[in-house]
Amino acid sequence: MNDLLCFRASRPFTLGVELELQLVDRRDGDLTHGATDLLRIARRRHPQLDIKLEITESMIEIATEVRFDYEGILGDLRVLRDVVCEAAERLNVGVCGGGTHPFQSWTERHIADGPRMRRISDLYGYLAKQFTVFGQHVHVGCPDGDAAIALAHGLSRYVPHFIALAASSPFLQGEDTAFDCARMNTISSFPLSGRMPSVRDWAEFNSYFDKMRSTGIVDSMKDFYWDIRPKPEYGTVEVRVFDTPLSVERAAALAVYVQCLARLLAASPRPDLTQDTELVYRFNRFQACRFGLRGELVDPITRERRPLHQDVRETIATIRRQLRGVPSEPLQSIEHCLDSGNDAAWLRARFAQSRNLGVVVNAQTSLFARSRAH
Amino acid sequence: VAPELPLSIFKAPLLSPLAVSALLFFGALSLAELAVRVARVPRIAALVLAGAAAGWVRSRSPAAALVPVPSVLLEALAMVLLFEVGQRVPLEWIRSNPWMLVASVGETGATFCAIFAVLAYGLGRSAVESLFVGVICMAASPIVVMSVTKDLRARGQVSERALLFSTLSSVYAALTMQLLITGYLAAAHVQLTLVLQPLFQLVGAFLLAAVTAGVLRVFALLTQARGAVLTVGIICSCVLLYAYASPLGLSPVLAALFLGLLVRATDRSHSLLSHQTSETGAVLTLAYFILLGASLSWFPTWRIAGIAAAIVAIRLLAKAAVNALLAVPAALRTGKGAMVGLSLSPLSSLALMFAATIARHPGLEEAGEISAAVVLAMAILGPVLTEIAFRLAQEPTHPLP
């Protein structure tokens, strides 16, 4: 068995959150180059914080410590946000959430320095520059590889929930795409995106990985752009379908929602991996991307169609009924999102007021820095 | 009898001033584009060079000499471009990072001191001459910095800082120049008006800009104008500003900058922001730099050229060194600080206006010639150095031509 794929056990249901953030020009709202300069200031003042470069000079990634509860995740995210915003202010750069930049031109992006970034750029060509999209990744701790595979499959049923609740990418290249989450369409261009193959346990996954590596298709787990993937070196399952929300409060609430679902799934029987599951997976994913919370879901077992928002409400009710010790704030935040609309709706409302995408980006920047509930 | 051929067409005045103007402009534009395409000369430098060539033709040809260099047009175009500078300059940055102001004052002050020292102590020029030349050359041209930024679509710390610092240095230069000229005319008699001159300039230019901004807002509200109509409205406002500033004894440069700043501060819906005028803005930029080139005077003597070369060298050194020195406290790497300094090398119409102004005063003719010679060098070399600085900082988003 390959050393790289030794699954490092971690405490079940622990959480870690990564957010990819946009760096924008405060004058016109377009993406700007500033990641290296910003990182240098932030790291010099707070070397202990996890703030990294991403694929282009217009984005950075922040990551929390491993936490177990909502307060821990939210506290980390608020500290990271404050540090990044403070450093950005000294450079007169804006920082904001959102899954895509509304009007940036992908041809103007610079790939950041580094061997991995260069390899991605060489391999994927223009796709690498188009990959200037911004997501939230949520890691959930697992005791072993088998549990990770089971959790990854189990959570895939909720992928439409995740996409619709976090959707914040309605605009792309200066146009309203009619999608709530246009970011996923960009990721779908990559050959190893979508759903993880239907392996049944960690041994089967290792065998699959060995085949892929021996044929030269992949080098490491990082080359899989799946919606949900195991992360053996962290001992986690990583959910990658969230657009970066417009506030860190929403990001923390979504992370706790994933944690609750992981706890629910751990107490449930293993999911059925049939071809029908794959079939509805793609349809449901499309519905969530295109229509957000107004989309419909098809149940692969009962074959019923139902509104997505209703499915989320019933899931929240199940969480409240079956799990103990779940804080009320994150679930209320998600219900508030169901009532008042996701971030994509908020962005469209700002655009309807101003008819100017630069003004929309300024509003995003203010919201991220203030992080008032919306 | 065969009809007489209409030979009179050959006697028509084919070289009318209008035709010569158009031909010179057309020729300069073609030359500039060829220089960009074939020799890969940076566009702004190519335009100035081509304009300078047109100016040279004009000085040698009796037909072309018919055409007066339209300095009023050049200055009016500068007003429109300064309005755009005012809209772009990130003045609020000073509030979030006060070291930006320290760096700006430091680099402008050090440049002045270095030039003054070289002229007064190194080359033995009089203190008054050294003072005037130092003030003119301590500034950098925000119009050139903005135009190179737009041409390369540069984004990042070096281009943003260069725009802020060049604008602030122009403001310092405009205020100091007004103070110096008033003082020079008062022949060392200290008067209250002299002391209050900078304040009068600032308040007067601000009020005039506020009135013009109000007119522009009303125009935009009433007409709901966009695109070309809005651009023409903006041009009219800038020309009005230019027409009223000088008779009122105010600096048109400050007034145009204030107009841009005020419009930016009050235009929450971004309806007046300059990106809407980019097409027309590009045409104005072309015209501005060709006219600037045509307005440049060649070095009158080798001695003046030598003095200008010394000033160019010390000016570059001072700007690069002080920006590098103050970079770290202002939240930038030292190397990038030096690039900011390098990108502040251009001089253009503002310095040309100052040089022309002082040359009119008795006893300051040679100071005017020295300043004009430095402007000539930096109007051509400056855009090239700015582009080099932006490329070293990897800020252009446009691919190479």
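The structure displayed is predicted, hence computed values, not measured ones.

Scoring rules and cut-offs
- Residues numbered from 1 in each chain as written.
- Chains lettered and ligands numbered in written order.
- Predicted model: local features only at pLDDT ≥ 70, side-chain atom pairs only at ≥ 80, totals over all residues.
- Heavy atoms only, no water.
- Helix = DSSP H or I, 4+ residues; strand = E, 2+ residues; numbered from the N terminus.
- Rg over C-alpha atoms; globule rule 2.2 N^0.38 Å.
- Contact = heavy atoms within 4.5 Å.
- Areas by Shrake-Rupley, 256 points an atom, 1.4 Å probe, with all protein chains shown as cover.
- Buried area = accessible area lost by both parts, 1.4 Å probe.
- Salt bridge = Lys/Arg side-chain N within 4 Å of Asp/Glu carboxyl O.
- Polar contact = N/O pair within 3.5 Å; in protein donor to acceptor, adjacent residues only side chain to side chain.
- Nonpolar A, V, L, I, M, F, W, Y, C, P; charged D, E, K, R; others polar.
- Buried < 20%, exposed > 50% of the residue type's maximum accessible area, 1.4 Å probe, protein only.

1. Let's talk about the overall build of chain A
Alright, step 1. Helix and strand content of chain A: 14 helices and 13 strands.
Alright, step 2. Here the C-alpha atoms of chain A give a radius of gyration of 20 Å, agreeing with the 21 Å that 2.2 N^0.38 yields for 374 residues.
Alright, step 3. For chain A, the spread of C-alpha atoms along the three principal axes comes to 55 × 45 × 35 Å.
Alright, step 4. Within chain A, contacts between residues at least 6 apart in sequence are counted, and of these 76% link residues at least 24 apart.
Alright, step 5. Carbon and sulfur atoms provide 51% of the accessible area of chain A, an area that totals close to 14800 Å².

2. As for the interface of chain B and chain A
Alright, step 1. Taken together, the contacts link 30 residues of chain B with 23 residues of chain A.
Alright, step 2. A combined buried area of about 2200 Å² lies between chain B and chain A, and 39% of that area is made up of carbon and sulfur atoms.
Alright, step 3. Between chain B and chain A we count four salt bridges in total.
Alright, step 4. In this structure, aspartate 37 of chain A and lysine 336 of chain B form a salt bridge, with 2.8 Å as the shortest nitrogen-oxygen distance.
Alright, step 5. Here chain B and chain A share 11 residue pairs in polar contact (both at pLDDT 80 or more) between them.
Alright, step 6. Every element with two or more residues in the side of chain B that touches chain A is listed here: helix 3 (71-88), helix 4 (93-96) and helix 8 (157-185) of chain B.
Alright, step 7. Per-element accounting of the side of chain B that touches chain A gives the leading share, three residues, to helix 8 of chain B.
Alright, step 8. When grouped by side-chain class, the residues that make up the side of chain B that touches chain A number nine nonpolar, 10 polar and 11 charged.

3. Observations concerning unusual backbone geometry
All names here are of chain A.
Alright, step 1. A positive phi is found at phenylalanine 13, a non-glycine position, where the angle reads about 70°.
Alright, step 2. Mapped onto the elements of the fold, phenylalanine 13 is located in the segment before strand 1 (15-25).
Alright, step 3. Relative accessible area serves as the criterion here: at 22%, phenylalanine 13 is assigned to the partly exposed category.
Alright, step 4. Positive phi, normally seen in glycine, also occurs at arginine 303, with a value near 65°.
Alright, step 5. Here arginine 303 shows up in the loop between strand 12 (296-298) and strand 13 (305-307).

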